[in-house]
Amino acid sequence: MEIKRDIHLRRLINSKHNGKIKVVTGIRRCGKSYLLMKLFRQHLLDNGVSEDHIIMLDLENRRNKRLRDPDALLEWIDSQIVEYRDIGDVPEDEWYYVMLDEIQLVSEFEDVLNSYLSIRNVDVYVTGSNSRFLSKDVITEFRGRGHEIHIAPLSMGEYMDAHPEMTFEEALEQYMTYGGLPVVCLEPDSREKESYLKGLFEKTYLTDIQERYHIRGSEVMNELIDVVASGIGGLTNPTKIENTFKTVKNIGVGKNTIKQYLEMLEESFLVRKAVRYDVKGRKYIDTPQKYYFEDLGLRNARIGFRQVEKTHLMENMVYNELCLHGYTVDVGVVTHNVKNGEGCSQRLQLEVDFVCNRGSERMYIQSAYALSDKEKVEQEQASLLHINDEFRKVIIVADRYLSSYSEHGVRILSLKDFLLNKRPFA
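Residues numbered from 1 in each chain as written. Predicted model: local features only at pLDDT ≥ 70, side-chain atom pairs only at ≥ 80, totals over all residues. Heavy atoms only, no water.

**Q** Please give an account of the confidence of the model for the protein that cites residues and values.
**A** Mean pLDDT for the protein: 91, with 96% of residues reaching 70 or above. By mean pLDDT, the top-scoring element of the protein is strand 2 (residues 54–58) (98), and the lowest-scoring one is helix 5 (residues 135–141) (63). (pLDDT = per-residue confidence, 0-100. Helix = DSSP H or I, 4+ residues; strand = E, 2+ residues; numbered from the N terminus.)

If you want it as structure tokens, here you go:
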């Protein structure tokens, strides 16, 4: 079965011939190789590129081990290119497309790839796994000539494309439990899904992190992941986690170490951080922050599928979907003054789940699993109504099938519309 990855494919297509090395990053098993070596290759063929102008190599394949040597790889790529063009415009039929899977297995790979930056008719695309090749490597290794395309696990829309036999409600239940890794998506047996996710976390992701950062003992990292997984959607910081370690887990570890470990989890694409933004003061607040998992299935597997709270899982899912569509997503804080029972002024802070920015566009979004009555609606929109600007204000809710507006003009958007409508905010 072919799973469409249209958003990511479009980003690859838009990056063609931009003079940079295109680097597809993301956690293991999220579909990087499939996107590049199958979907993008098919796009090239469909648009008239001949087979002999598409140079593909799977460096993870043992048969290609000798090409993990940088000089052997350079020589092999050169042998596939009949004609080089160093100056002038490149006709469509003279472009060569070089696609290298798991480039981090090649020592000095940056020198190999940088060697093609001056050749005008060679367009280079590579994938790199999170153990030895991260976002910051794209910036440093390619001297500003690297273009990162980060691929996430399947979105809910992509998940439903792969399961046309399911209703939205059935697919949502599966997705919020087992996440969007393609292998898991296509596995019908729930026990196999759980086993795969648990094994992948322990044997692959944690091993990657330990090898990348030379971590000798895994106890602190393991405990930290458990704390973050249990607290998605909650505000936290290294000091708070340090206190949790001391009082609950009886582990003494400093906040600086915790901060470093959190950064490792981010750099390895397992979690993302949302920082706080003072909406009225128009400034960022360093701490506390929220952490969300790149894949819900991995998060649930980490805690043994025990804490499957739909409110928090939905918030994580909404965050991931917003990031997928190119928004920079922060956690909002709105302050306002009220009179207490004694008539004295009291300053309160209200939280906006997400402050979303994309270019000149901004939105304020609340995530609510259910709006059971008028009181709940007023509670969810309270922070939005204290924002005095004209940007869109939205409450995304799971228990509604039709989108509408509140009496104050706040958009009430059904979760189904948000996840499946290509233009949900239009």
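That shown, we press on.
**Q** Kindly report on the pattern of salt bridges, identifying the contributing residues and their values.
**A** Two side chains of opposite charge can pair, provided their charged atoms sit close to one another. In this structure the tally under the stated criterion is 18 salt bridges. One salt bridge in this structure joins Arg272 and Glu294, with 3.1 Å as the shortest N-O distance. Pair noted here: Arg272 is in strand 6 (residues 271–278) and Glu294 is in the loop between strand 7 (283–293) and helix 13 (296–302), with a separation of 22 residues, a long-range link. Under the relative-accessibility criterion, Glu294 is labelled buried at 6%. A salt bridge links Glu309 to Arg299; the shortest N-O distance between them is 3.3 Å. Placement of Glu309 in the loop between helix 13 and helix 14 (310–324) and of Arg299 in helix 13 is noted, with a sequence separation of 10 residues between them. Judged by relative accessible area, which is 24%, Glu309 ranks as partly exposed. One connected set of salt bridges, linked through shared partners, spans Glu202, Asp226 and Arg302. (Salt bridge = Lys/Arg side-chain N within 4 Å of Asp/Glu carboxyl O. Buried < 20%, exposed > 50% of the residue type's maximum accessible area, 1.4 Å probe, protein only.)

**Q** With reference to specific residues and values, describe unusual backbone geometry.
**A** A cis geometry characterises the amide bond from Thr287 onward to Pro288, with omega recorded as 0°. One can find Pro288 in strand 7. A positive phi angle, near 70°, is found at Phe269, a position not held by glycine. Assignment of secondary structure puts Phe269 in the loop between helix 12 (255–267) and strand 6. Judged by its relative accessible area of 6%, Phe269 is buried. Of note in the backbone geometry, Phe305 takes a positive phi value of approximately 55° without being a glycine.

**Q** Give me helix 14: which residues, what numbers.
**A** Between its first and last C-alpha, helix 14 extends 21 Å over 15 residues, near the 21 Å set by a 1.5 Å rise per residue. Where burial is concerned, most of helix 14 is hidden: 12 out of the 15 residues are buried. Burial in helix 14 covers these residues: Leu313, Met314, Glu315, Asn316, Met317, Val318, Tyr319, Asn320, Glu321, Leu322, Cys323 and Leu324. (Expected span 1.5 Å × (residues − 1).)

**Q** Talk me through the packing of helix 11 (residues 238–247) against helix 12; I want residue IDs and the actual numbers.
**A** Helix 12 packs onto helix 11 with a crossing angle of 110° between their chain directions and a minimal axis gap of 9 Å. Relative to helix 12, the element helix 11 is oriented roughly perpendicular. Note on packing geometry: the crossing formed by helix 11 with helix 12 is right-handed. Residues Pro238, Thr239, Ile241, Glu242 and Phe245 of helix 11 form the contact with helix 12, whose participating residues are Lys255, Ile258, Lys259 and Leu262. Tallied by class, the residues present in the contact of helix 11 with helix 12 amount to five nonpolar, one polar and three charged. (Axes fitted to C-alpha atoms, helices over the stretch in contact; angles between N-to-C directions. Parallel < 35°, antiparallel > 145°, perpendicular 65-115°, else oblique. Left-handed = near helix turned anticlockwise from the far one by under 90°. Contact = heavy atoms within 4.5 Å. Nonpolar A, V, L, I, M, F, W, Y, C, P; charged D, E, K, R; others polar.)

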